[in-house]
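# Inside the fold
For reference, the chains in residue letters:
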Amino acid sequence: MKSSFCRTSERQLEADAVIIGSGAGGASVADVLTAAGLCVIMLEEGKHVPASSASPLASDAFAAAWRNGGLTAAIGQPPIAYAEGRCVGGGTEINSGITQRADDDLIDQWRKLYKIENFTPDELAQYYERAETAVNASWTPGPLGRATGILQQGGKALGWEVSELKRGQRGCKGANRCSFVCPSRAKQSMAVTLLPKAMGRSMRLYAQARVVKIHLDKGRATEVTAQSLDAGGQAVQLRVKAGLVFVCAGAIHTPAILRRSGLRKRIGNTLRVHPTIKATALFDDPVDAHQSRLPLAAVTEFMPEQRIGGSVFTPAVFGLSLAEDWANRGDLMQHWRFCGSYYGMIRPRGVGSVRSLSGINEPLVRFKLAPEDWIALGQVLTRLGQAMFAANARKVFPSISGHEGWTSPDQAHEFWHKPPPKRRSNLLTIHLFSSCPPGEDRDACAVDSYGRVRGIENLFVADGSLIPEAPGINPQMTIMALAFRAAEAALSHSAQERARSAARERS
Amino acid sequence: MTFDRVIVTTMTPFWPLLDGDEKAAVVTEVVREVTRSLAGAPFHIRLAVKSLSIFLSLGVVLITAGAGGPLTRANRADKFYRFLQNLPGPLGSVLRLYRSMTLLAFYEQTPVATKLFSARRAQHSRRCT
């Protein structure tokens, strides 16, 4: 298994299909294509980080498995820090493996708005089931710990719906290191599930292979070029010829690759995220969040528009979170075991963009929150504060630089009627999507209903970029479901059919 | 690296307390970590950090010149940082980035983590008695 992930010095490669990216989207496509007997090559920009070498230190894990060591942000006011996986398995190696389906009403709404064919909750159900089976979506065994209990206690005291979250796990040991690559292989990430399965069916995976460009000729993707390293560590160019090309590099890098390849129409113009604002809650009794699993319950009363949940907690990650206002909050570090870190997440109306920059590896990412997003952020922050006080927090510090913190639930109403301050609010997201929305509405959709790039017969998108809008849930299951669907559609439509459609689109 | 060191040194927390040699070794390691992290940042962030860190570190050197001990130096630097953080532009973001990386690296150092957990045990036993 280990040797299968090793990089190679081969330069000219051929296959039936090439998949760019090994995360939830790419691995799901690989599962479908290899099961159909296709010869598949997968190109992954990051390294393989085996469980045996997963570091308990956040800084090592960020360097090994997170894009740019986690130092990525969408430009805007305020900038929104975002995280992406860059390793074999992609984002599934650094997420918490939570498995949720998109809301039925939202799916119906997207189908109508974007004119997406065969896109009803019933039609998607089979793909969701396949995704849930692939990762063993299940309840986490054993006690969930005080960090989860706080959310349950607070939400229930307020009469809100609080739900325990199913995860893709098998025998979770509770190491609380989901974001650092699971050390026990209990998290059913792609490197543990679909990738070994596809490689068992002879898929070749090239790690540390960064795709530079997809070459296009007469409405066909003819070749993918990537920069890699040979066995001696020397740069080598891979040139892959394949009949089908799937771009599964995530909502930022999929549009960046397509735009670098000369495809710009409607691509990368509609990035969506889940803007998230955190709060630190200080309790009289120890929380010892580092000893328990990350909070595995969420306040779901206000979903899909708003959700309240909890974050991975280690002393160092907690220290990092205090950097937003160290002068006023540094003292909290001395009470770190009495603190919990929680968040409120919204489904925004604002939109962002992705632009590739000539000569620079990283694309330019922008996101602009709409005025109603600020109202929603104020509401979710208020609700988060209320939930923490209902769970007996002594003080709650919203993630707003210079804010003195709240000492009572009444004070937590501060932002109910006025939005949080734009310049001082610290926002982040770990969910990115919608940069290539699917559908038959040609004015709005970058790709057709099944992920095929318009005007190109054999080029497909199959990752978070395909989720039409922010779903208000953890997106992994939806990414996998849409990727399974895109791959099946690519196989079921003949090359002639696709060529005719592409020619019509170009005319 | 030199500029990073000047900034990181003034941002390194005083708690938990470390003895002199231990502290020097920890700071060296934290500087190395911060430099490594910043090297992996995207181009536009690296560009902002590289250019502004020169200004920041020179400012810190000037402001802390003649200050007696490390605590006075850190206090003076903190005031300087607070002033800069209120200015518009990327300075605040760069300072925040340095602070984040410094704190993460500091609390992950073995001597620091050991003290954090032993402080935890002491705190716990006091509460239990």
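Residues numbered from 1 in each chain as written. Chains lettered and ligands numbered in written order. Predicted model: local features only at pLDDT ≥ 70, side-chain atom pairs only at ≥ 80, totals over all residues. Heavy atoms only, no water.

With that settled, consider the nonpolar core. Soluble globular proteins: nonpolar side chains tend toward being buried together. One finds Met388 of chain A together with Tyr98 and Tyr107 of chain B to be the most contacted residues of the largest nonpolar core, which totals 107 residues. Broken down by element, the residue count for this core peaks at eleven residues, all from helix 5 (residues 91-108) of chain B. The residues touching Tyr98 of chain B, leaving out its near neighbours within four places in the chain, are Asp4, Ile7, Val8, Met11, Val34, Leu38, Val49 and Ser53 of chain B. One finds Ala198, Ala242, Leu258 and Ala470 of chain A within the second-largest nonpolar core, a separate group that totals 83 residues. (Core = buried A, V, L, I, M, F, W, Y, C linked by side-chain atoms within 4.5 Å. Buried < 20%, exposed > 50% of the residue type's maximum accessible area, 1.4 Å probe, protein only. Helix = DSSP H or I, 4+ residues; strand = E, 2+ residues; numbered from the N terminus. Contact = heavy atoms within 4.5 Å.)

Residue and element names in this part refer to chain B. Two elements in contact, helix 3 (residues 43-64) and helix 5, have axes whose closest approach is 10 Å; the angle formed by their N-to-C orientations is 90°. By the angle between their directions, the pair helix 3 and helix 5 is classed as roughly perpendicular. Here Ile45, Ala48, Val49, Leu52, Ser53, Phe55 and Leu56 of helix 3 lie close against helix 5, whose contacting residues are Leu91, Val94, Leu95, Leu97 and Tyr98. Taken together, the residues of the contact of helix 3 with helix 5 break down into eleven nonpolar, one polar and no charged. (Axes fitted to C-alpha atoms, helices over the stretch in contact; angles between N-to-C directions. Parallel < 35°, antiparallel > 145°, perpendicular 65-115°, else oblique. Nonpolar A, V, L, I, M, F, W, Y, C, P; charged D, E, K, R; others polar.)

Time to look at the pattern of salt bridges. Residue and element names in this part refer to chain A. The full count for this structure, using the stated rule, is 31 salt bridges over all chains. Residues Glu362 and Arg67 are paired through a salt bridge, measuring 3.7 Å at the closest nitrogen-oxygen approach. With Glu362 in the loop between strand 17 (351-355) and strand 18 (364-368) and Arg67 in the loop between helix 2 (58-65) and strand 3 (72-74), this pair connects stretches of sequence that are 295 residues apart. Across the pair, Arg67 and Glu362 agree in class, each one buried. (Salt bridge = Lys/Arg side-chain N within 4 Å of Asp/Glu carboxyl O.)

Residue and element names in this part refer to chain A. Summarising the element assignment, Ser202 is placed in the loop between helix 6 (194-200) and strand 8 (204-206). Accessibility expressed as a relative area gives 56% for Ser202, which makes it exposed. The sequence separation of Ser202 and Ile41 amounts to 161 residues, and the corresponding C-alpha distance is 9.1 Å.

Taken together, the 34 residues of chain A in the interface contact 31 residues of chain B. Here chain A and chain B share an interface that buries about 2900 Å² over both sides, 62% of which is from carbon and sulfur atoms. The largest share of the area that chain A buries against chain B comes from Leu71, Trp326 and Arg337 of chain A, three residues that together contribute 22% of it. On inspection of chain A and its partner chain B, the count reaches one salt bridge. For Arg36 of chain B, the salt bridge is made with Asp60 of chain A, and the minimal N-O distance between the two is 3.2 Å. The interface formed by chain A and chain B includes six residue pairs in polar contact (both at pLDDT 80 or more). Residue assignment for the side of chain A that touches chain B shows that the elements contributing at least two residues are helix 2, helix 8 (315-321) and helix 9 (326-329) of chain A. The residue inventory of the side of chain A that touches chain B, partitioned by class, reads 17 nonpolar, nine polar and eight charged. (Buried area = accessible area lost by both parts, 1.4 Å probe. Polar contact = N/O pair within 3.5 Å; in protein donor to acceptor, adjacent residues only side chain to side chain.)

Looking now at the environment of Gly159 of chain A. Residue and element names in this part refer to chain A. Among the structural elements, Gly159 can be located in the loop between helix 5 (146-157) and strand 6 (162-164). On the basis of relative accessible area, Gly159 is assigned to the exposed category, the value being 59%. In the structure, Gly159 is positioned 142 residues away from Glu301 in sequence and 9.1 Å away in space, judged by C-alpha atoms.

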